[in-house]
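# Report on the structure
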Amino acid sequence: MTTSDATPWTRQEFEAELRAMEKYYHIHHPYHQLMNEGKLTQQQIQGWVANRFYYQVSIPIKDANILANCPDRETRAKWIQRILDHDGHPGDTGGIEAWIQLGIAVGLSREDVTSLKHVLPGVRFAVDAYVNFARRADWHEAASSSLTELFAPKIHQQRLDNWPTHYPWVQMDGYNYFRKRLTEARRDVEHGLEITLDWYKTREQQQRMLAILKFKLDVLWTMADAMYMAYIHEMPPYFNIVEQ
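Residues numbered from 1 in each chain as written. Predicted model: local features only at pLDDT ≥ 70, side-chain atom pairs only at ≥ 80, totals over all residues. Heavy atoms only, no water.

Rules: UniProt positions are given in the numbering used here, feature names are shortened, and annotations may be inferred rather than shown by experiment.
You'll find the protein entered in an unreviewed UniProt entry as Pyrroloquinoline-quinone synthase, with Methylocucumis oryzae given as the organism. Listed in UniProt under the heading Function (unreviewed entry), the comment for the protein reads: "Ring cyclization and eight-electron oxidation of 3a-(2-amino-2-carboxyethyl)-4,5-dioxo-4,5,6,7,8,9-hexahydroquinoline-7,9-dicarboxylic-acid to PQQ."

In structure tokens:
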């Protein structure tokens, strides 16, 4: 007996479908593959760190938008930890500061990182699209979009395992961000999965969620595309325009 395509996935099947989206994660992008293989120059690593900082400083804004749209007190009480993780709180300077220290560890100055002067237009557009989505979407959908964190511990562990060998010039203090996110991301995934698996009940809703997750994966992939053009192909925006 065949089942209709409209039959909702079970909780286990739905989670399996979500995890299968890992094939689109930016860990598979050529920029990240080169990074993981030790084939990037210092300048290319610096370009990635400087651009990725725009994503880091935008995440608490994204999460604040989710909180603003969420009427559920228990969810807000848990979700607010994400903002504290990034912005910092007494006893923890936070992930944004840890990323600045990564920038310093790869040879950038604090001002190089925090000024955002190296952020490529493609990166800015992709990140802003994500923040605007979180601002306007139903809070369940915005929260579920964060489930790219399902795949994040693997990429952080790769950097911790490979960078000291491939990039010995990176100061060891720079790795604190990746260490922090190993535990934080796993905790966040647990909460994000709970919201997602509880909320999306029909097959149509579940497929909508897969499309939302694909949108977030597109954001991350597009950021890497912009960096690949600028730092691998050496074709940053307007590279062929001669200033008068």
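### A short note on the overall build of the protein
Here is the rule we go by: Helical segments are the DSSP runs of H or I of at least four residues, strand segments are the runs of E of at least two, and each set is numbered from the N terminus. Throughout, radius of gyration means the C-alpha value; the globule benchmark is 2.2 Å times the number of residues raised to the power 0.38. In this scheme, a residue with accessible area under 20% of its type's maximum is buried, one over 50% is exposed, and one in between is partly exposed, where area comes from a 1.4 Å probe on protein chains only. The contact definition used throughout considers only heavy atoms, calling two residues in contact when any of these lie within 4.5 Å. Reported accessibility uses the Shrake-Rupley method at a 1.4 Å probe radius. Residues are deemed covered only where the shown protein chains occlude them.
Secondary structure assignment for the protein yields eleven helices and zero strands. Ordered by position in the sequence, the α and β elements of the protein form the string α-α-α-α-α-α-α-α-α-α-α. Relative to the 2.2 N^0.38 estimate, which gives 18 Å for 244 residues, the radius of gyration of the protein is 19 Å and therefore close to what a compact globule would have. Each principal axis of the C-alpha atoms in the protein carries an extent, and together these give about 65 × 45 × 40 Å. Buried positions account for 49% of the 244 residues belonging to the protein. In the protein, 80% of the contacts between residues at least 6 apart in sequence involve partners at least 24 apart. Total accessible area computed for the protein in this model is approximately 12200 Å², and 53% of it derives from carbon and sulfur atoms.

### Remarks on the packing of aromatic side chains
The relation between two aromatic rings is expressed through the spacing of the ring centres and the mutual angle of the planes. Note the cut-off: A pair of Phe, Tyr and Trp rings is counted when the ring centres sit within 6.5 Å of each other, with Trp represented by its six-membered ring. The angle between the planes then sorts it: under 30 degrees is stacked, over 60 is edge-to-face, the rest tilted.
By the definition in use, this model includes 15 aromatic pairs. Between Trp9 and Phe14 the ring centres are 6.3 Å apart and the planes differ by 20 degrees, which places this aromatic pair in the stacked class. Comparing Trp9 with Phe14 shows no difference in burial state: the two are buried. Arranged with centres 6.3 Å apart and planes meeting at 75 degrees, the rings of Trp163 and Tyr175 form a pair that is edge-to-face.

### What to know about the UniProt feature "domain: Thiaminase-2/PQQC" (unreviewed entry) in the protein
This chain's UniProt record puts "domain: Thiaminase-2/PQQC" (unreviewed entry) on residues 18-225. The span residues 18-225 carries 74% helix and 0% strand; its end-to-end C-alpha distance comes to 23 Å.

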